[in-house]
Amino acid sequence: MITHIQGKLTEKNPTNVVIDCNGVGYILHISLHTYSQIPNQENLKLYTHLQVKEDSHTLYGFSSLAEREIFRLLISVSGIGASIARTMLSSLTPVQVREGIATGDVALIQSIKGIGAKTAQRVIIDLKDKVLKIYDIDEVSVSKDNTSKDEALSALEVLGFAKKQAERVVDKIMIAQPDADVETIIKKALKNL
């Protein structure tokens, strides 16, 4: 119903902003990501999502269409409400959330306060195909990275390293060098274990 609000920024807090639009003040609930993107100027435009419940109408504000799209995808998952979706977008950037879902990174999604293992898995199961389709992410490249990572992890396990410890080290290597081959991952992991 309300797709964006543009007006004078009258109040700015880490969790919400008030925008005066022709004499009417609208309170918009925002994520920390949006808070960091809001410039300290008078005129402001935020994209919105209106949530209608029996007892309230709540406006959520986003600095970009991409963040709003991720928010809407997240709240479509059973067990993820608007407050958890907002917490996710406060803990991670929209790109990190999108990439975490696309690559099936349960640990990343689970690292967000209030999300357990089952919810993280449900988010990935429900949204992976949608995210790959909407953002046109090549699943082949995603699975290639996971294959290299999986092969490296199984090799390190065979060498006698604890799975959790090896996984932490390999994840750090994958973040620094996403296109590293198995051999490179194992060599770097051995130096850090």
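Residues numbered from 1 in each chain as written. Predicted model: local features only at pLDDT ≥ 70, side-chain atom pairs only at ≥ 80, totals over all residues. Heavy atoms only, no water.

Draft legend 1. How the structure looks around helix α9 (residues 182-192). When α9 is considered as a whole, its buried residues turn out to be V182, I185, I186 and A189. On an axial view of α9, the arc spanned by its buried residues comes to 95 degrees, and they lie on one face. For α9, the exposed residues lying more than 90 degrees away from the buried face are E183 and K191. (Buried < 20%, exposed > 50% of the residue type's maximum accessible area, 1.4 Å probe, protein only. Helix = DSSP H or I, 4+ residues; strand = E, 2+ residues; numbered from the N terminus. Arc of directions from axis to C-beta.)

Draft legend 2. Main features of the packing of helix α2 (residues 65-75) against helix α6 (residues 117-134). The geometry of α2 relative to α6 is characterised by a closest axis approach of 10 Å and an angle of 145 degrees between their N-to-C directions. The element α2 and its partner α6 pack so that their crossing is right-handed. In this structure, α2 contributes E69, L73 and L74 to the contact, and α6 contributes V123, L127, K130, V131 and I134. For the contact of α2 with α6, the per-class residue count stands at six nonpolar, no polar and two charged. (Axes fitted to C-alpha atoms, helices over the stretch in contact; angles between N-to-C directions. Left-handed = near helix turned anticlockwise from the far one by under 90°. Contact = heavy atoms within 4.5 Å. Nonpolar A, V, L, I, M, F, W, Y, C, P; charged D, E, K, R; others polar.)

Draft legend 3. Representation of α6 within the structure. The end-to-end C-alpha distance of α6 is 25 Å, a good match for the 26 Å that 18 residues give at a rise of 1.5 Å each. The largest bend in α6 amounts to roughly 50 degrees and is located at L127. All of the buried residues in α6 are T119, A120, V123, I124, L127, V131 and L132. (Expected span 1.5 Å × (residues − 1). Bend = angle between axes of the 7 residues up to and from the residue.)

Draft legend 4. Inspection of the packing of aromatic side chains at higher detail. Following the criterion strictly, the structure yields two aromatic pairs and no others. Consider the rings of Y60 and F71, whose centres lie 5.2 Å apart with planes at 35 degrees: the pair is tilted. Of the two residues, Y60 sits in strand β5 (residues 57-62) while F71 sits in helix α2, which places them 11 residues apart along the sequence. By relative accessible area, which is 1% here, F71 ends up buried. Through a chain of ring-to-ring contacts, the aromatic side chains of Y60, F62 and F71 assemble into a single cluster. When the ring centre of Y35 is taken as origin, the NZ or CZ atom of K12, which lies over that ring, is 5.0 Å away. (Phe/Tyr/Trp six-rings, centres within 6.5 Å; stacked < 30°, edge-to-face > 60°. Lys NZ or Arg CZ within 6 Å of the ring centre and 35° of its normal.)

Draft legend 5. Inspection of the pattern of salt bridges at higher detail. Tallied over the entire structure, the rule returns three salt bridges. The partner of E183 in a salt bridge is K187, and the shortest N-O contact between them spans 3.4 Å. Here K187 and E183 lie together in helix α9, a separation of four residues that amounts to about one turn. (Salt bridge = Lys/Arg side-chain N within 4 Å of Asp/Glu carboxyl O.)

Draft legend 6. The pairing of strand β3 (residues 24-29), seen in detail. Sheet topology places strand β2 (residues 16-21) next to β3; six bridges connect them, and they run antiparallel. Within β3, the position partnered with V17 by the bridge is L28. Counting the residues in the hairpin turn of β2 and β3 gives two residues, including N22, whose phi is positive at 55 degrees. (Pairing = 2+ DSSP bridges.)

Draft legend 7. View of the nonpolar core. Counting residues in each nonpolar core, the largest one holds 25 residues, and the members touching the most others are L74, V97, I101, I109, V123 and L127. At the level of elements, β5, α2, α3 (82-91), α4 (94-102) and α6 are the ones that each hand at least two residues to this core. It is α6 that provides the largest number of residues to this core, a total of six residues. Discounting residues that sit within four places of it in the chain, I109 has contacts with M88, V97, G100, I101, I115, A120, V123 and I124. By size, the runner-up hydrophobic cluster in this structure holds 13 residues, among which are A152, L156, A166 and I186. (Core = buried A, V, L, I, M, F, W, Y, C linked by side-chain atoms within 4.5 Å.)

All quantities given are derived from atomic positions and should not be read as evidence of function.
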